[in-house]
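The lines below spell out each chain.
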Amino acid sequence: MLPVLVACSHGTASPDGQRAVGELVAAVAARRPDLDVRAAFVDVQQPGPDAVLDDLAGRPARLVPLLLSAGYHVFVDLQRAASRRPQVTVAPALGPDPRLAELLCARLASAGAAPGDAIVLAAAGSSEPSAVRDCAVMATTLGRRLGAPVTAAYLSAARPRLTEAVAALRNQPWPAGREARVVVATYLLAPGYFADLAAAAGADLVSLPLLVPGEAVPPGLTDIVLERYLS
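Residues numbered from 1 in each chain as written. Predicted model: local features only at pLDDT ≥ 70, side-chain atom pairs only at ≥ 80, totals over all residues. Heavy atoms only, no water.

Peer 1: Please clarify how the nonpolar core should be interpreted in this entry.
Peer 2: Looking at soluble globular proteins, one finds that nonpolar side chains tend to be buried together. Membership of the largest hydrophobic core comes to 45 residues, with the highest contact counts inside it found for Leu5, Leu66, Leu121, Leu142 and Tyr187. Where this core is concerned, the elements lending two or more residues are strand 1 (4-9), helix 1 (15-31), helix 4 (98-111), strand 5 (118-123), helix 5 (129-146), strand 6 (150-154), strand 7 (182-186) and helix 8 (219-230). Top element by residues in this core is helix 4. It accounts for 6 residues. Non-local contacts of Leu142, meaning those with residues more than four positions away in its chain, are made with Ala101, Leu104, Cys105, Leu108, Ile119, Leu121, Val150 and Ala185. (Core = buried A, V, L, I, M, F, W, Y, C linked by side-chain atoms within 4.5 Å. Buried < 20%, exposed > 50% of the residue type's maximum accessible area, 1.4 Å probe, protein only. Helix = DSSP H or I, 4+ residues; strand = E, 2+ residues; numbered from the N terminus. Contact = heavy atoms within 4.5 Å.)

Printed below as a string of structure tokens:
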């Protein structure tokens, strides 16, 4: 019997965010109908990972973080849940991954970003150094894809904060005749509190999160979830 895929997202009070993540979980289940796919949440929403695992009554399971970097929730919350159950393992976080950079590029293009804009990658932030490093890697990966530097900035816990990074880029010297536009690439899985903060950080343009409710789930994102499960 294949392990149950327990898709563990952060959780959000935003109905749009809940719908978007639910659509990702549904897309994973549709791609692999042979798998038992369950949703769990490390914060805000229920059920938590322990409740889902208890409901499985000892069946093998793989906790797949629907999280863009490996921080406290991966290393503490999910590892703690798995450590109590020898038949449960924890997969890596979704990021960093070049396919996420491709999706970020698509979101930036839809927002109206253009060559010459100053780009800031807006991540949720974490007190866990590994999560900050993961986001810095994604900023570098996105910068290579765009052919221009990308600044990593954070909405909580880490520096620079997004508002600081936006202000610093706006105040830098700009070549004569060049429009000073600062664009935020929203490196968040779904709408919610942090996406609202990113939208209010003072940038000229702000891209949408990776998931948008009602839109088709990007196939690359579904691929990453399943690859993490199988890794």
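Peer 1: Even after reading the chapter, I still don't get the layout of surface pockets, so can you show me in this structure?
Peer 2: Vacant regions in the atomic arrangement are exposed by a probe of water-molecule size rolled over the atoms. Roughly 810 Å³ of volume is contained in the largest pocket. In terms of lining, the largest pocket is formed by 36 residues, of which the most central are His10, Leu67, Ala124, Leu188 and Phe194. Residue assignment for the lining of the largest pocket shows that the elements contributing at least two residues are helix 1, helix 3 (72-83), helix 5 and helix 7 (193-199). One number sums up the size of the second largest pocket: a volume of about 230 Å³. (1 Å grid on protein atoms, 1.4 Å probe; cavity = no way out; pocket = protein on both sides within 12 Å on 5 of 7 lines; lining within 4 Å. Points joined across faces, edges and corners; volume = space filled by probe spheres on them.)

Peer 1: Sorry, what's going on with the sheet that holds strand 8 (residues 205-206) here?
Peer 2: The pairing of strands in a sheet comes from backbone hydrogen bonds and takes either a parallel or an antiparallel form. Taking strand neighbours across the sheet as the criterion, the 4 strands line up as 6-5-7-8 in an open arrangement whose pairing is parallel. The open sheet terminates on both sides in strands that have one partner only, identified here as strand 6 and strand 8. Relative to strand 8, strand 7 runs parallel, the two sharing 2 bridges. Bridging across to strand 8, Val184 finds its partner in Val206. Helix 5 contacts strand 5, strand 6 and strand 7 of the sheet and is inclined by roughly 150° relative to strand 6. (Pairing = 2+ DSSP bridges. Axes fitted to C-alpha atoms, helices over the stretch in contact; angles between N-to-C directions.)

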